[in-house]
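Now for the letters of each chain:
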Amino acid sequence: MASPAPTEAEELAALNKALTALGFTDDVKLERFLHVLMPRVIDQMASKHESTKRKVLEILSHVNKRIKAVPAMPLPLEDLTALYVNEERPPTVRNFALIYVEQAHARATPEDRAAQILPLLKGVGTRPKQAADIICRLAIRALAVPERHVRVRVDDMEFMTVDRDRAAFV
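Reference entry: report on the structure contained in this document. Remember, predicted model here, so these are calculated numbers, not experimental data.

Reading the values: rules and limits
- Residues numbered from 1 in each chain as written.
- Predicted model: local features only at pLDDT ≥ 70, side-chain atom pairs only at ≥ 80, totals over all residues.
- Heavy atoms only, no water.
- Helix = DSSP H or I, 4+ residues; strand = E, 2+ residues; numbered from the N terminus.
- Buried < 20%, exposed > 50% of the residue type's maximum accessible area, 1.4 Å probe, protein only.
- Contact = heavy atoms within 4.5 Å.
- Areas by Shrake-Rupley, 256 points an atom, 1.4 Å probe, with all protein chains shown as cover.
- Salt bridge = Lys/Arg side-chain N within 4 Å of Asp/Glu carboxyl O.
- Phe/Tyr/Trp six-rings, centres within 6.5 Å; stacked < 30°, edge-to-face > 60°.
- Lys NZ or Arg CZ within 6 Å of the ring centre and 35° of its normal.
- Patch = residues over 30% accessible without salt bridge, like charges linked within 9 Å, V, L, I, M, F, W, Y side chains within 5 Å.
- Lys, Arg positive; Asp, Glu negative; His and termini not counted.
- Charge placed at Lys NZ, Arg CZ, Asp CG, Glu CD.
- Core = buried A, V, L, I, M, F, W, Y, C linked by side-chain atoms within 4.5 Å.
- Axes fitted to C-alpha atoms, helices over the stretch in contact; angles between N-to-C directions.
- Parallel < 35°, antiparallel > 145°, perpendicular 65-115°, else oblique.
- Left-handed = near helix turned anticlockwise from the far one by under 90°.
- Nonpolar A, V, L, I, M, F, W, Y, C, P; charged D, E, K, R; others polar.

### A short note on the overall build of the protein
When helices and strands are counted, the protein shows eight helices and zero strands. Starting at the N terminus, the α and β elements of the protein follow one another as α-α-α-α-α-α-α-α. Looking at the protein as a whole, 41% of its 170 residues are labelled buried. If you take every contact in the protein between residues at least 6 apart in sequence, the share linking residues at least 24 apart comes to 70%. Surface exposure of the protein reaches about 10,100 Å², of which carbon and sulfur atoms provide 55%.

Here it is as structure tokens:
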């Protein structure tokens, strides 16, 4: 039996707890904390409660300030990518995930960028134009690296076998 959906008060209590913990987390522990926090908080944009969505925006605003001060700190690229490509998540969640995927790509290693671009490219031809443009920009940076970072030739990548995806990319 599925557990009942959390109430507005429960969602806000959990988010307030996360915001407080974020505020007390020093820069040394921030990376690990964000790897857990960011995907979960972004996923809360699926809430039906406007107050929850406002609290998520407040937390993300605080996250933005904290990560701006530590530009070399990696963000949870794999988890954010998984959140974005999950077709079951509402568009709002996926759009916010893509915003942070873009930031995470900029901070990731070439190996991580190359590994995480493939799930993003799958179905790129069916994405909204703005999202497809972002993904293609990320792909160019991720795939324009020495061959040792990319495990599969671009022509052999799954997205290149789908006409619509290939057309969006090329």
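Having seen the model, we can carry on.
### So, the pattern of salt bridges
A full pass over the atoms with the stated rule returns eight salt bridges. The closest approach of N and O atoms between Glu102 and Arg137, which form a salt bridge, is 3.2 Å. Here Glu102 is found in helix 5 (residues 91-107), whereas its partner Arg137 is found in helix 7 (residues 129-143), with 35 residues between them in sequence. Connected through salt bridges with shared partners, the residues Glu87, Arg94 and Arg127 form a single ionic network.

### Considering the packing of aromatic side chains
Following the criterion strictly, the structure yields zero aromatic pairs and no others. Over the ring of Tyr84 we find Arg94, and its NZ or CZ is 5.0 Å from the ring centre.

### Observations regarding a negative patch on the surface
Taken together, the side chains of Glu78, Asp79, Glu111 and Asp112 define an acidic patch exposed on the protein surface. Counting residues per element, the ones that place at least two in the negative patch are helix 4 (77-85) and helix 6 (110-121). Secondary-structure assignment places Glu111 in helix 6. Residue classification places Glu111 among the partly exposed positions, given a relative accessible area of 41%.

### A short note on the nonpolar core
Counting 42 residues, the largest nonpolar core has Leu34, Leu37, Ile42, Ile59, Val63 and Ile117 as its most contacted members. Counting residues per element, the ones that place at least two in this core are helix 1 (8-24), helix 2 (27-43), helix 3 (50-68), helix 4, helix 5, helix 6 and helix 7. Looking at which element gives the most residues to this core, the answer is helix 7, with nine residues. Discounting residues that sit within four places of it in the chain, Leu37 has contacts with Ala18, Leu22, Ile59 and Val63.

### Quick word on the packing of helix 1 against helix 2
For the pair helix 1 and helix 2, interaxial distance at closest approach is 11 Å and the crossing angle is 160°. Compared by their axis directions, helix 1 and helix 2 come out roughly antiparallel. Here helix 1 runs over helix 2; the crossing is left-handed. On helix 2, the residues touching Leu15, Ala18, Ala21 and Leu22 of helix 1 are Leu30, Phe33, Leu34, Leu37 and Val41. Among the residues forming the contact of helix 1 with helix 2, the class breakdown is nine nonpolar, no polar and no charged.

### Quick look at the packing of helix 2 against helix 4
It is the contact of helix 2 with helix 4, at a shortest axis distance of 9 Å, that shows an interaxial angle of 15°. The orientation of helix 2 with respect to helix 4, classified from their angle, is roughly parallel. Taken as a pair, helix 2 and helix 4 cross one another with a handedness that is right-handed. For the pair formed by helix 2 and helix 4, the contact residues are His35, Met38, Pro39, Ile42 and Asp43 on the first element and Asp79, Leu80 and Leu83 on the second. Taken together, the residues that form the contact of helix 2 with helix 4 break down as five nonpolar, one polar and two charged.

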